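Structure assessment
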Amino acid sequence: MKTWPHSYELRLQVALSPRGDLILTSRIKNKNADGKPFQFTFAFHTYFSVSDISEVRVEGLDTLDYHDNLQSKIRCTEQGDAVVFESEVDRIYLSAPPKIVTIDHEKKRTFVLRKKELPDVVVWNPWDRKAKAMPDFGAEEYKCMLCVGAARIEKPITLRPGEEWQGRQEISPVPSSYSSGLLDPEMIQQMQRI
Ligand SMILES: O=P(O)(O)OC[C@H]1O[C@@H](O)[C@H](O)[C@@H](O)[C@@H]1O
């Protein structure tokens, strides 16, 4: 392939635990026979089903720098204590903590995202105008989805022939009180076991 003149192996392992955790593990191996290394970036682009995007908040990204894809990727700093949605959002948060939560107040459900070897986090919702322009996206579907995914974008990965990289993202659905601050002690104990 002209745009990617390398030989590689990509493996995606999808596992679902009995309690509903989704574990995605990606492995990429350099199979170049010519001795050449290659460099790449990586992102999981997981879409969450939410009740109403205007009622959703993403916590764990406060004070972080991000690249804003809607403003020619300029570097900004998150000012809010949570990311909320009132218009199109397309950002790459940099060096995020290993745990990010997406809280859906209406459904009283929180998605806990844990990640390994994936320092960055993509947050995306196309909102109305872009949704209408996308052929594979319903005009109204932006209202009930949110893309939050672990990524490695700022610092690309370099692999020499024979080397392999592995990245992992785990999504656990839990009751919303988990990170809303209104925790009862029993619930905390239950969640710490997750
Ligand atoms: O259709 P996909 O692969 O889920 O990507 C949707 C969007 O994802 C965003 O992260 C990209 O910045 C957009 O450019 C893109 O349109």
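Cut-offs used in this document
- Position numbers for residues start from 1 in each chain and track the written sequence from start to end.
- Side-chain atom pairs in this predicted model are given and counted only at pLDDT of 80 or more, local residue features only at pLDDT of at least 70, and totals for whole chains, interfaces and linings cover all residues.
- Only hydrogens and water are removed before side-chain values are computed, so all heavy atoms of the structure are retained for them.
- Only runs of H or I of at least four residues qualify as helices and only runs of E of at least two qualify as strands under DSSP, and these elements are numbered from the N terminus.
- For the exposure calls, accessible area comes from a 1.4 Å probe over protein chains only, and a residue counts as buried if that area is under 20% of its type's maximum, exposed if over 50%, partly exposed in between.
- Working definition of accessibility: Shrake-Rupley area with a 1.4 Å probe, residue cover restricted to the visible protein chains.
- Any two residues whose heavy atoms approach within 4.5 Å at even a single point are treated as in contact.
- For this analysis, a nonpolar core means a set of buried residues of the types Ala, Val, Leu, Ile, Met, Phe, Trp, Tyr and Cys, connected via side-chain atoms within 4.5 Å.
- Put simply, a residue is near a molecule or strand once any heavy atom of it comes within 4 Å of that molecule or strand.
- The definition of a polar contact used here is a pair of N or O atoms within 3.5 Å, where within protein one atom must be able to donate a hydrogen and the other to accept one, and adjacent residues in sequence count solely through side-chain atom pairs.
- Residues are sorted three ways: Asp, Glu, Lys and Arg are charged, Ala, Val, Leu, Ile, Met, Phe, Trp, Tyr, Cys and Pro are nonpolar, and all the rest, Gly among them, are polar.

Some thoughts on the overall build of the chain
On a plain count of helices and strands, the chain comes out with two helices and 14 strands. Projecting the C-alpha coordinates of the chain onto the three principal axes gives extents of approximately 60 × 40 × 30 Å. In the chain, which comprises 194 residues, the proportion classed as buried is 42%. In the form shown here, the chain has an accessible surface area of approximately 10,900 Å², with 50% of it arising from carbon and sulfur atoms.

Examining the environment of H45
Residue position: H45 is located in the loop between β3 (38-43) and β4 (47-49). Considering only alpha carbons, one finds H45 and V112, 67 residues apart in sequence, at a separation of 15 Å. The contacts of H45, once residues within four sequence positions are left out, are V122, W124 and C147.

Notes on unusual backbone geometry
Phi angles above zero are rare outside glycine, and S72 is one such case at about 50 degrees. As for its position among the elements, S72 is in the loop between β6 (65-68) and β7 (74-77). Residue classification places S72 among the exposed positions, given a relative accessible area of 69%. Within the chain, E117 stands out as a residue other than glycine whose phi angle is a positive 60 degrees.

Remarks on the nonpolar core
Judged by nonpolar contacts, the single largest core of 45 residues is most densely connected at L61 and F85. Considering every element that reaches this core, the biggest residue donor is strand β13 (residues 145-159), with eight residues. Beyond its immediate chain neighbours, meaning those up to four positions away, L61 contacts E78, V83, Y93, A96, I100, V121 and V123.

Thoughts on the site of the ligand
Residues in close proximity to the ligand include H45, Y47, N69, D90, V122 and W124, which together make up its full environment. Side-chain polar atom of Y47 to an oxygen atom of the ligand: 2.5 Å apart, as the coordinates give it. N69 is positioned such that a nitrogen or oxygen atom in its side chain is 3.4 Å from an oxygen atom of the ligand. For the ligand, whose unbound accessible area comes to 400 Å², protein coverage reaches 55%. The class makeup of the residues in the shell around the ligand is three nonpolar, two polar and one charged.

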